[in-house]
Each structure stands twice: as structure tokens, then as C-alpha cells.
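# Understanding the architecture of this molecule
One-letter residues, chain by chain:
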Amino acid sequence: GHLDGHLMVLGKVVMAAWDLSVAVEDLGADAPPITVSVTSDLHIGGVILKLVEKSQVKRDWSDHALWWEQKQQWLLRTAWTLEKCGIQADAGLIFMPQHKPLRLGLPNGLNLRLRVCFSGPVFRTVLGICKMLNIRRPEELSLLRPVEEKKKKKDKDLSEELYDLTEVPLTSGTHYDIIMSPSTNHMSRPCLYNGMPAHFADSPKTEKVYKMLSVSQPAPPPEAIAKLYRPASVVDKAHIHSRWLDSSRSLMQQGVQENDRLWLRFKYYCFHDLEPKYDAVRLTQMYEQARWAVLLEDIDCTEEEMLLFGALQYHINKLSLSEPQTMTSSPAMDDLDSALQCLEVKLDGADSSPQDMLLIPTACEAVITVYFCLRPKRLTLKGYKQYWFKFKDASISYYKSREESLGEPIQQINLKGCEAAPDVNIVGQKFCIKLLIPAPEGMNEVYLRCENEEQYSRWMAACRLASKGKSLADSSFQSEVQSIRSFLAMQQTNPNTHNTHTDDSTSINTHSLVSPRYSKKYKAKQLTPRILEAYQNVAQLSLTDALLRFLQIWQALPDFGISFVVVRFKGSRKDEVLGIAPNRLIRIDLGVGEVVKTWRYNNMRQWNVNWDIRQVAIEFDGNVNIAFSCVTADCKIVHEFIGGYIFMSTRSREQSNTLNEELFHKLTGGHEAL
């Protein structure tokens, strides 16, 4: 008897056979699909076996899998039956390789063609790319769709140069599976041959590519820089940040096709465990991303900072061209900050002497002019008032005068968890410290204006230590003061030195070292001597130290590490911008272009995404609740940024050789992952 596709034969149930047609990508677009006879209880692996037999093509099919076009999903669970997958005769399946070529743009502008995984989550694809390019800590990077430059008709013939690495034998299916087991890991230091991974040392062609990855490239001429896309506003930046791919889904599921173009960029601005000896590519690409952020005005900086950035680029270019480079080896570093601390101690000569240790204060007192504001305003001197300040342990107290400092303060402010940012203009003799102090409703701002460099260096060092909960008695106080002094010294120019490098003034390509705004504002002959003056302060640095110094100044900029999204807060009628930083969220009013509120992750209790109405709701300590819907980006992007930063903060030095991929997906995955 025949009953619902089941046949009874001698008392056993036998499933009815039906035809399934599958297109085989390798046979070409015009080839007809292959039809195989199947039953609903046949598993996916069995379908693949039948397909391969019927195709009569002898080749290695191990990387192939079935892609279900209508449902936009891969059928990777080969033990599942057709019935369990929900596949019937009308399913349009395609049998295709899981690894395909992709054109990848790197932070330094290099374009590579390499074979990447199209079937696993993008997070895994990035692991594979970084393993191949020898970039450790791949969780800090991700892929985004490029911003296309508007090309004029006559520029058409300038096709970009592509370096083909599709033949580099590193992307077998097993390579990706190994990463899953915590014991063997891509965090571990690679074995290097002639300073490069074995798969690059194979041929002169690949060696050349590795050199381009690991050594900074000279800046293009100013005309080329001027043609590149520059975001004109915070909303423009928000549109760029809406282009990040979803880490939880595969390239195929996000509409990326073979040979499409994507960008690889650092996405999370917390750089962990930096070791110059092993991280040549990582450090160079980090520097390139920072350099282009400065050159394309993606991040604002003062004129003095721009000149120092210019001088460092000039120095780095010179060193990169002059000799074969190996990054100097230094002990394993917890993160960029400690790398820079080591560097600062080296730059300042010897460590502090025993006499210095005796001079370390337990309290600081001084008259400081203070400007209080609960929102940043355009600073004028009128807003400042003078108070007598006392710094003790990790808090500051202030009084109307020195005489009153024996009694009760007007207010005492605990600085633990605060942020201290410099607001300095050396030429104008302005030495301010901007303090963001945690408060239940967000962050309060206090500006301290110091009298001079010396006072500024000590107070800034004290604020930085206090923010980490350390007191002035901490052994690092003196080296922190020294580091700030040397940093200020680098920004000072010495008018007597600019004749010493007359040979440089002809070779220096000044307008390629500064952003178009300064190129328009000054002629080369005005800029060149100023960049060469700044160069005197950095000319002694090694290549590694110069790269780290550039990154340090970048990290000290007020807008460092902020990704923007246009949102609509619940109950509000206008669009606003949400800034997502490594340790906080910022609400920016577009009308005045100012920060209205700041919320820190360490005060966050929980966050939820309502995927149906595309709304993100966050609860902070002290019953503070916020909710917003996303205008420019998918709310998955915001969810992933917040979860990603929280994941980054869980990494520790001890476990630097493992990556808890499961935790990353738990914190960043969409509703399918929860």
C-alpha cells in the first residue's frame, strides 16, 4: 500500500525515493544541475557521495559543501537527514567550495587576493586571514564593506595592484578546525624563518608581499591623499561604521561573493599583549590605520600634534627605506600601555634613583584654577575659578584658600575609575587636565588648569595613577611624571635647530605627512622647517619605538577609539549620535555637536536587544535605564561592539595563548546565539 510517501514492503517501512537536483559550481554556470535519487531519511553526507559519484570528476572534494540558496544557509551538518533539514524536491541547492578567493584591502592600502572561508562565521574567517598574514590577537580585527571612492572617467585605467596569495597552502579545512581546540592556538608565537612565517619564505614573490605587510610604505603624493574619501562629519563616520560585517554569520549569508572586495581593519581599540619581535605585521598595520585616521581627518588633532605625527612619519619612512628591519625584541607586553611604559622608561634614560624614591610624595598641594562643568562647553577663561587643591590617596579635595585647607573641603572627589585626558597647548602655555568623573547619571566633567609644565606633569601623573586606584606613594609615580615631561618635550620646538637638517628639507615630502586641511592652510616652505624641528626630538628613536610613540600619541587624542552610530533615543524626536568607546558609551547632540552624557561599561548591569522592534535597552547601576533604536546601522552592530568590548576586557596576560571563542559568541551573537 502507498501511504504518504511511505511504502510497506514485507512489513517494513521504506521511504519513497524522489529526485533532487543540485547545481555543481565547479562544472561552470552553463552546466545543467546533477539530479540524484534520494529518500527523506538520507543524510546530507550521503547526498554529497551520490553527487560526487554522478559528476564523474576526479578531484579532492573535501572542501565542498551544500549551499541552500533560497534559505541563504549552508548545510554543514552532514549527519542530518534531508527531512530534518526541511529539504524537499524544489530546494535549489548548490555544491560549492567553502573557501574562495576574496580581494582584501589592508590598513596600509595593500590589496591582496587570498582564499578565505565563506562558510563559517566571519569571526572564524578573520582568524584564518590573520593566521595567514601573521597577525596575532585576531579578535581585535574584523571585515567591513569598503567605502568606494568616486572615480572620474579618466581614472578608470588605474586598476589597483593585487598581490595574489591564493596559492599559499594554508587554508585546508582542518586548519580552521584546529583553532577550536584551546590547546593549539593562533595566539601562540609563530615559528619564523628569516623573520617571516614559513609559508611566506617559500618564494621571492611571497617574501616581497610579506615585506610590504610588515614594513611601513611611503605615503602617496598629496594629490592622491586629497582624492581619498574623508568623512566630513560625525554622521559620515557613522555611515562608515554601519559597514561592519556580522561576526556571527558567514560571508555567503551576508551576500559577499567570490572575488568581492572587503577591508580588514582593527575594530576594537584595545590592543592586548603586543610583542614587537613577533608582531611586525600587526604593529605596522596598527600604525598604518592610525596614520590614515590622522591623514584623512577621521580623528581630530591640534596643529602641534599634527606636526609631531608628521615628524614621526618622516622618521619611520626614513628608517623603513634605509635598512632591512627587524622589530626589536622586548619582553612580552600585557597591552599597548605597558609596551609604552617600558618604552618611556627607556627613553628617559635610567630608572629613578634611590634618592628619587625618597622624594616620592604621599600628598600634593597647589593652587589650581578650576573650571567645573557638567557638560563640555567651548572653554573660555571666564569659567575658571581659583581654589586650593589637595591630592591625597586617590582623591582630590578643594578649598577656597590655603588657610581653609586645614578644615572641611568644599568637595572631595574620588578619582578611581575616572578618565584623565590632556588639553594642552604648549605655545599658548595652556596646561589643562580634563577629568571625567563617574556619576550615577553618567560622567561629570572637571577641568583643572595648571600654572606650568612642572605642575601639570605631577598632577596629570597623580590623576592617572588615581584612576587605577593607586596613590602617590606608588613606585610608578616618578616614572609617570618623567614620561609626561618627555612627552611635552617632544612637542616643543627649538628655534636653533632647523638649520642642521638642510639636506632633509629638500627630500621631505611635507604635504604627504599632514592632512589636507594643513596642506591647504600652509605652504610647504612654512611646514617643512616646523616638521624638521619636531623631528629633532624623535630622530634618535628606533623604528619600533617610533611606531609605538606614534600609537601612543594617537591613543592620547580625545576622540581615540570611538565608533559612531546614529540612533533615536526612546521618547526623543530627533536623531542623535551614540559613540562606542573601549570603556564607555557617549551620547552626542547633533545640534550642538557636543557630548551630553557618558555611561561606563563597568557600571552596566545588563543590556538587551529587542530584535523585533530593533531596540537596544541598557540598565546601569543606580536605576539608570536607556533605550534607543539604530538609524544608520543594524542594532546587531551596536550589540556586537558592546559585547566585543566587554569580551576584550576579560582577556588576561596568563591566558594570552588562548582565545575563548565561545564566550565571544555568547557576548556578541544575535538571538540565534542566545
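By the naming in an unreviewed UniProt entry, the protein goes by FERM domain containing kindlin 3b and is assigned to Hucho hucho. Within the UniProt record for the protein, the comment given under Sequence similarities (unreviewed entry) is "Belongs to the kindlin family."

## Here we look at the sheet that holds strand E15 (residues 261-266)
With mixed pairing, the five strands of this open sheet are ordered in space as E11-E15-E9-E10-E12. In this open sheet, the two edge strands, each paired with only one partner strand, are strand E11 (141-144) and strand E12 (162-164). Averaged over neighbouring strand pairs, the angle between their axes works out to 45 degrees when direction is ignored. In terms of strand pairing, strand E10 (residues 111-117) meets E12 through three bridges, oriented parallel. Pairing of arginine 113 across the sheet is with aspartate 164, part of E12.

## Regarding the packing of helix H9 (residues 303-322) against helix H16 (residues 524-536)
It is at 8 Å that the axes of H9 and H16 come closest, and there the two elements cross at 75 degrees. As far as their axial angle goes, H16 and H9 are roughly perpendicular. Of the residues in H16, those in contact with Glu303, Leu307, Leu308, Gly310, Ala311, Tyr314, His315 and Lys318 of H9 are Leu527, Arg530, Ile531, Leu532, Ala534 and Tyr535. Among the residues forming the contact of H9 with H16, the class breakdown is nine nonpolar, two polar and three charged.

## Regarding the packing of helix H5 (residues 204-214) against helix H8 (residues 280-295)
Where H5 meets H8, the closest approach of the two axes is 7 Å, and the angle between their N-to-C directions is 50 degrees. By the angle between their axes, H5 is oblique relative to H8. For the pair H5 and H8, the contacting residues are Tyr210, Leu213 and Ser214 in the first and Ala280, Val281, Thr284 and Gln285 in the second.

## A word on empty space enclosed by the protein
Within the structure shown, the criterion is met by four cavities of 30 Å³ or more. Considered as a void within the structure, the largest cavity measures approximately 70 Å³ in volume. Every residue lining the largest cavity is listed: Val122, Phe123, Val126, Pro138, Glu139, Leu141, Ser142, Ser247, Lys267, Tyr268, Glu640 and Phe664. Listed by contribution, the elements that provide at least two residues to the lining of the largest cavity are helix H3 (122-133) and E11. Broken down by element, the residue count for the lining of the largest cavity peaks at three residues, all from H3. Residue classes in the lining of the largest cavity are distributed as seven nonpolar, two polar and three charged.

## What about the sheet that holds strand E6 (residues 64-68)?
Reading across from one edge, E5-E4-E8-E6-E7 is the order of the five strands in this open sheet, with mixed pairing throughout. Edge positions in the open sheet fall to strand E5 (34-38) and strand E7 (73-75), since each of these has one partner strand only. Shown here is a sheet whose adjacent strand axes are inclined to one another by a mean of 40 degrees, direction ignored.

Reading the values: the criteria
Residues numbered from 1 in each chain as written. Predicted model: local features only at pLDDT ≥ 70, side-chain atom pairs only at ≥ 80, totals over all residues. Heavy atoms only, no water. UniProt positions renumbered as here; feature names shortened; annotations may be inferred. Pairing = 2+ DSSP bridges. Helix = DSSP H or I, 4+ residues; strand = E, 2+ residues; numbered from the N terminus. Axes fitted to C-alpha atoms, helices over the stretch in contact; angles between N-to-C directions. Parallel < 35°, antiparallel > 145°, perpendicular 65-115°, else oblique. Contact = heavy atoms within 4.5 Å. Nonpolar A, V, L, I, M, F, W, Y, C, P; charged D, E, K, R; others polar. 1 Å grid on protein atoms, 1.4 Å probe; cavity = no way out; pocket = protein on both sides within 12 Å on 5 of 7 lines; lining within 4 Å. Points joined across faces, edges and corners; volume = space filled by probe spheres on them.

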